[in-house]
Amino acid sequence: MFTSGGVGQRVYHSAASYRDTSGVLTIFVRLRGVQDGYIFLSQTTHVEDVSLYWIILGSHKNTLSWIRRGKDQRATKFRIDTPGIMSGDEWRGFLFKYYGRGGADNAGRLSVYYEGSGLELMSWHDPSPLDINWVSFSTYKTCDLEIAYDCQARDSYSTANAFKGQDRKSVV
């Protein structure tokens, strides 16, 4: 998938194909772009809806990453300095896990991992978890981003039942 500039230019994928039998949503993607990799987990397909989680990798010229509930910057729930997290030259892999309302102690937990790492890059617990029905990818309005999704992980930390084996590539 290739995306070129614009949060409004999103293709939605059913979250059902990323959910395991316990209800945990597990998404593994690889991104290639100099900044602003966006992953949306949403209840609806409405861009302006506040019923979504917005995970941003490499914003502010590839220096910061965020987890937001909703589109507004004031909806930021987690922020971390991540200089150089994105690359225009090489694919960077990330694993996203969302436990939703299930998962007992993990209910409402949203976590992001680097490919190859068992340590969380970002994590936030939502006390009022959303029911996620859609997954989407995008980038900032002045950026280009290549996205490979449904990837096969190359390490023991990132494996999950949700991986299909053959990468589907898109440019957004």
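It should be noted that the structure appears before, not after, this text.
All of the points below concern the structure found in this document. A quick note: this is a predicted structure, and the numbers were derived from the prediction, not measured. (Residues numbered from 1 in each chain as written. Predicted model: local features only at pLDDT ≥ 70, side-chain atom pairs only at ≥ 80, totals over all residues. Heavy atoms only, no water.)

**With respect to the pattern of salt bridges**
Argument step 1. With the rule as written, the count across this model stands at six salt bridges.
Argument step 2. One salt bridge connects Glu115 with Arg30, and the closest N-O pair in it is separated by 2.8 Å. Within this pair, whereas Glu115 is found in the loop between β9 (109-114) and β10 (120-125), its partner Arg30 is found in strand β3 (residues 25-32), the two being separated by 85 residues in sequence.
Argument step 3. The class of Arg30 is buried, set by a relative accessible area of 3%. (Salt bridge = Lys/Arg side-chain N within 4 Å of Asp/Glu carboxyl O. Helix = DSSP H or I, 4+ residues; strand = E, 2+ residues; numbered from the N terminus. Buried < 20%, exposed > 50% of the residue type's maximum accessible area, 1.4 Å probe, protein only.)

**Things to note about the side chain of Ser87**
Argument step 1. Relative to the elements of secondary structure, Ser87 occurs in the loop between β7 (76-81) and β8 (92-98).
Argument step 2. Within the local environment of Ser87, its side chain forms a polar contact with the backbone nitrogen of Asp89, the two atoms lying 3.1 Å apart.
Argument step 3. Within the local environment of Ser87, its side chain forms a polar contact with the backbone nitrogen of Glu90, the two atoms lying 3.1 Å apart.
Argument step 4. Aside from chain neighbours lying at most four places away, what touches Ser87 is Arg32, Gly33, Val34 and Arg92. (Polar contact = N/O pair within 3.5 Å; in protein donor to acceptor, adjacent residues only side chain to side chain. Contact = heavy atoms within 4.5 Å.)

**Digging into the pairing of β10**
Argument step 1. As judged from the five bridges shared by β9 and β10, these two strands associate in the antiparallel manner. When the bridges of β10 are listed, Val112 appears paired with Met122.
Argument step 2. In this antiparallel pair of consecutive strands, β9 and β10, the connection spans five residues, and Gly116 shows a positive phi of 90°. (Pairing = 2+ DSSP bridges.)

**A word on the packing of aromatic side chains**
Argument step 1. Inspection of every chain in the model, using the stated rule, returns seven aromatic pairs.
Argument step 2. Here the aromatic rings of Phe40 and Trp54 are separated by 5.3 Å at their centres, their planes lie at 25°, and the arrangement is stacked. On the criterion of sequence distance, the pair formed by Phe40 in strand β4 (residues 37-42) and Trp54 in strand β5 (residues 52-58) is long-range, its members being 14 residues apart. In this structure, Phe40 and Trp54 share a single accessibility class: buried.
Argument step 3. Chaining the aromatic ring pairs together yields one cluster made of Tyr38, Phe40 and Trp54.
Argument step 4. The lysine or arginine in question, Arg68, covers the ring of Trp54, its NZ or CZ lying 5.1 Å from the ring centre. (Phe/Tyr/Trp six-rings, centres within 6.5 Å; stacked < 30°, edge-to-face > 60°. Lys NZ or Arg CZ within 6 Å of the ring centre and 35° of its normal.)

**Topic: the pairing of β9**
If a strand is regular, its side chains alternate between the two faces of the sheet.
Argument step 1. Where β8 lies against β9, five bridges are found, and the strand directions are antiparallel. When the bridges of β9 are listed, Lys97 appears paired with Ser111.

**Some thoughts on the sheet that holds strand β6 (residues 64-69)**
Argument step 1. A sheet is described by the order of its strands in space; here six strands give the open sequence β2-β11-β4-β5-β6-β7, paired in antiparallel fashion. The open sheet has two edge strands, β2 (12-14) and β7, and neither has a second partner. Geometrically, the sheet is characterised by an average inter-axis angle of 15° between neighbouring strands, direction not taken into account.
Argument step 2. Bridge count for β6 against β7 is five bridges, and the pairing is antiparallel. The residue of β7 that forms the bridge with Ser65 is Ile80. (Axes fitted to C-alpha atoms, helices over the stretch in contact; angles between N-to-C directions.)

Geometric descriptors of this kind do not, in isolation, establish any biological role.
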